[in-house]
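# Working through the structure, step by step
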Amino acid sequence: MKPSEHLTVRGPEDILGFIPHSLGYWPADSLVAMTLQGNRLGATLRLDLPGPETLADPRDYARTVRDYLLADENADGALLACFTNDGWMEPPGTYRGLLDALQTVLGAAGMPVRDAWYVGDAFWRDAFCTDPSCCPSPGRSVQAIRDSMLNAEMVFRGSSVGPAPEDGAHPPPLLPGEDRAAVLASEATWAAQLDRRRGSREQFGQLMVQWEALLANEPGPLPVNDVAFLRASLRVPAWRDAVLVMAAAGQAAALAGAEMFGIFDVGCILAPVGPVLAGPIPSGLPASGAGLAGREPAGTGATGPGTRSMPGIPGYGDVLLGLDPEVPAWHTLNSLDKVLEQLSACGGQAGAAALTGRGWIAWCRGRGSYAAAYLGRALDEEPGYRLAELMLEMVRRGTLCGWAARKEAAWRKFEPDAA
């Protein structure tokens with residue numbers, strides 16, 4: 001998350017109060033590093049605090065932090081906060097060696113550490129100050145952070161601090177047994193019909209229209225039959241990917257990518273199936289698929305999923321990595337996240353697909369902790385689910401989504417509370 005240009009930082013309490021809004025939750029047992037661009041806050045990074053073995057020689061850990069922060073090309077300084085109840089252990093302090101290593105490594109990279117703090121459950125204090133007249137033990141009350149002016153302003157603007165990823169990434173409570181059974185039975189019926197139409201252009205076209213219409217209308221709770229159909233559609237990997245691409249980059253990108261990967265079978269002439277989902281049919285792709293049959297395959301000469309399949313239309317790889325379009329359709333992605341939350345409730349393979357989609361959206365927003373939690377939940381539902389495995393590996397390597405790494409494209413800039 002990037003702070004608004006109109007937010008004023010008056011002191012450490014404001015900086016520390018901004019961190020939970022930036023991450024979306026109050027961290028624990030975490031190192032939080034923030035870049036500085038002059039006197040402005042930049043990007044926020046959270047990592048688990050290292051264990052005793054790493055603390056004995058924290059240089060590799062410090063270099064990992066540096067490599068993450070280098071994604072902010074305009075950074076010229078850094079701030080550090082250790083969220084732990086062990087920061088008061090002296091001498092010399094459980095994490096003092098870690099902070100010294102970070103000072104050395106970040107300073108050499110042109111991002112000198114300008115300040116650092118320990119934040120516990122009840123108290124916080126400056127990590128470098130040893131003057132008891134300035135920084136008396138055990139420190140200042142954490143309530144001062146919660147009462148800070150910046151925190152109050154963020155709340156006024158509509159920002160909120162949610163549960164930690166390990167709690168917030170769980171699907172909503174399971175439906176009552178009768179409703180869940182109805183969803184799964186209907187899903188099985190739809191899945192059997194859709195499986196026979198995997199190669200149908202007409203089915204693909206109708207599916208994209210249905211998803212786009214649904215996401216354009218701030219979807220609320222969905223009827224059982226709609227949940228079942230949408231879950232069944234996500235069980236087809238090519239359609240699942242197309243839904244993500246369509247939500248971020250539009251129907252044209254979804255269609256061009258589908259053609260490039262050769263998912264259509266001219267021999268599949270079954271009429272499309274599906275319920276009439278709530279909402280008007282948007283202009284664009286006709287539900288019948290008319291006008292698609294004669295199109296030149298977009299993959300001609302393409303060398304991979306990141307290749308633009310048609311002039312001006314981003315390829316699947318570029319969209320899924322957040323490289324193109326310049327700014328995604330955040331409103332549609334937000335709607336998709338809400339729909340996927342409903343679709344994840346009944347678990348199974350479709351639940352894994354929905355959780356993986358939520359993990360991707362969280363990664364696009366720059367919320368790696370939430371992304372990892374969603375993807376881990378997906379793998380609990382469906383061990384070996386390939387897209388979740390690939391995404392989780394990227395998150396663990398610290399790969400940043402292209403949109404999250406650029407201030408002009410970052411999710412928070414397009415939220416209703418952004419100023």
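See the structure shown above.
An account of the accompanying structure is given in this report. (Residues numbered from 1 in each chain as written. Predicted model: local features only at pLDDT ≥ 70, side-chain atom pairs only at ≥ 80, totals over all residues. Heavy atoms only, no water.)

## Examining the overall build of the chain
Helix and strand counts for the chain stand at 18 helices and six strands. Counting contacts in the chain only where the partners sit at least 6 residues apart, residues at least 24 apart contribute 74% of the total. For the chain, the accessible surface area stands at approximately 18,400 Å², while carbon and sulfur atoms represent 54% of it. (Helix = DSSP H or I, 4+ residues; strand = E, 2+ residues; numbered from the N terminus. Contact = heavy atoms within 4.5 Å. Areas by Shrake-Rupley, 256 points an atom, 1.4 Å probe, with all protein chains shown as cover.)

## Comments concerning helix 6 (residues 149-156)
Listed in full, the buried residues belonging to helix 6 are Leu150, Asn151 and Met154. Buried residues of helix 6 fall within an arc of 100° about the axis and therefore sit on the same side. With respect to the buried face of helix 6, the exposed residues turned more than 90 degrees away are Met149 and Phe156. For helix 6, the elements touching its buried residues are helix 1 (12-23) and helix 5 (143-146). (Buried < 20%, exposed > 50% of the residue type's maximum accessible area, 1.4 Å probe, protein only. Arc of directions from axis to C-beta.)

## What about the environment of Asp380?
As for its placement among the helices and strands, Asp380 is situated in helix 16 (residues 368-381). Assessed through its relative accessible area of 59%, Asp380 is described here as exposed. Separated by 28 residues in the primary sequence, Asp380 and Ala352 have C-alpha atoms spaced 8.1 Å apart.

## Quick notes on the nonpolar core
Core analysis: the biggest nonpolar cluster contains 92 residues, and Phe204, Trp211, Leu336, Leu343, Trp360, Trp363 and Trp403 have the highest contact counts within it. It is helix 15 (residues 348-364) that contributes the most residues to this core, nine residues altogether. Formed by 27 residues, the second largest nonpolar core is a distinct cluster that contains Ala33, Leu55, Val65 and Ala101. (Core = buried A, V, L, I, M, F, W, Y, C linked by side-chain atoms within 4.5 Å.)

## Regarding the side chain of Ser30
Relative to the helices and strands, Ser30 resides in strand 1 (residues 30-37). A distance of 2.6 Å separates a polar atom in the side chain of Ser30 from the backbone oxygen of Ala28. At 2.9 Å, the side chain of Ser30 forms a polar contact with the side chain of Arg46. Among all residues touching Ser30, those that are not within four sequence positions of it are Arg46, Leu47, Leu49, Ala81, Cys82 and Phe83. (Polar contact = N/O pair within 3.5 Å; in protein donor to acceptor, adjacent residues only side chain to side chain.)

## Some details on the side chain of Asp337
Among the structural elements, Asp337 can be located in helix 14 (residues 330-343). Here Asp337 is in contact with Arg358, Ile361 and Arg365, once residues within four sequence places are set aside.

## Side note on helix 8 (residues 177-195)
The end-to-end C-alpha distance of helix 8 is 26 Å, a good match for the 27 Å that 19 residues give at a rise of 1.5 Å each. Within helix 8 the residues assigned to the buried category are Val183, Ser186, Glu187, Trp190, Ala191 and Leu194. Mapping the buried residues of helix 8 onto a view down its axis gives an arc of 145°, with all of them on the same face. Facing away from the buried side of helix 8 by over 90 degrees, the exposed positions are Gly177 and Glu178. Where the residues of helix 8 are buried, they touch helix 9 (201-215), helix 10 (224-234), helix 11 (237-249) and helix 15. (Expected span 1.5 Å × (residues − 1).)

## A closer look at the packing of aromatic side chains
Tallied over the entire structure, the rule returns seven aromatic pairs. Pairing Trp330 with Trp403 gives two aromatic rings, centres 6.2 Å apart and planes at 75°, and the pair type is edge-to-face. Within this pair, whereas Trp330 is found in helix 14, its partner Trp403 is found in helix 18 (residues 402-405), the two being separated by 73 residues in sequence. For the pair Trp330 and Trp403, a shared accessibility class is recorded, and that class is buried. Members of the aromatic cluster, connected to one another through ring pairs, are Trp330, Trp360 and Trp403. Cation over ring: Arg146 sits above Trp26, and NZ or CZ is 4.3 Å from the ring centre. (Phe/Tyr/Trp six-rings, centres within 6.5 Å; stacked < 30°, edge-to-face > 60°. Lys NZ or Arg CZ within 6 Å of the ring centre and 35° of its normal.)

## Considerations on unusual backbone geometry
A cis amide bond links Ser137 with the next residue in sequence, Pro138, at an omega value of 5°. Residue position: Pro138 is located in the loop between strand 5 (123-126) and strand 6 (140-141). With an omega of 0°, the peptide bond between Asp324 and Pro325 qualifies as cis. Look at Asp29: it is not a glycine, yet its phi comes out positive at around 50°. Inspection of the secondary structure puts Asp29 in the loop between helix 1 and strand 1.

## Re the pairing of strand 3 (residues 77-83)
Summarising burial for strand 3: seven of the seven residues are buried, a large majority. Of the two faces of strand 3, the one carrying Gly77, Leu79, Ala81 and Phe83 and the one carrying Ala78, Leu80 and Cys82 are both buried. In this sheet, strand 3 lies alongside strand 1 in antiparallel orientation, the contact comprising seven bridges. Looking at the pairing, Ser30 lines up with Phe83 of strand 3. For strand 3 and strand 4 (residues 113-119), the ladder comprises six bridges, and the chain directions are parallel. Along strand 4, the bridge assignment pairs Leu79 with Asp115. (Pairing = 2+ DSSP bridges.)

## A word on the pattern of salt bridges
Evaluated as defined, the whole model comprises 18 salt bridges. Residue Arg66 pairs with Asp67 through a salt bridge whose shortest N-O separation is 3.1 Å. Assessed through its relative accessible area of 23%, Arg66 is described here as partly exposed. The class of Asp67 is partly exposed, set by a relative accessible area of 44%. (Salt bridge = Lys/Arg side-chain N within 4 Å of Asp/Glu carboxyl O.)

## Let's talk about the environment of Glu166
Relative to the assigned elements, Glu166 resides in helix 7 (residues 165-168). The class of Glu166 is exposed, set by a relative accessible area of 54%. Linking Glu166 and Ser369, residues 203 residues apart in sequence, is a C-alpha distance of 8.6 Å.

Geometric values such as these leave the question of function open.
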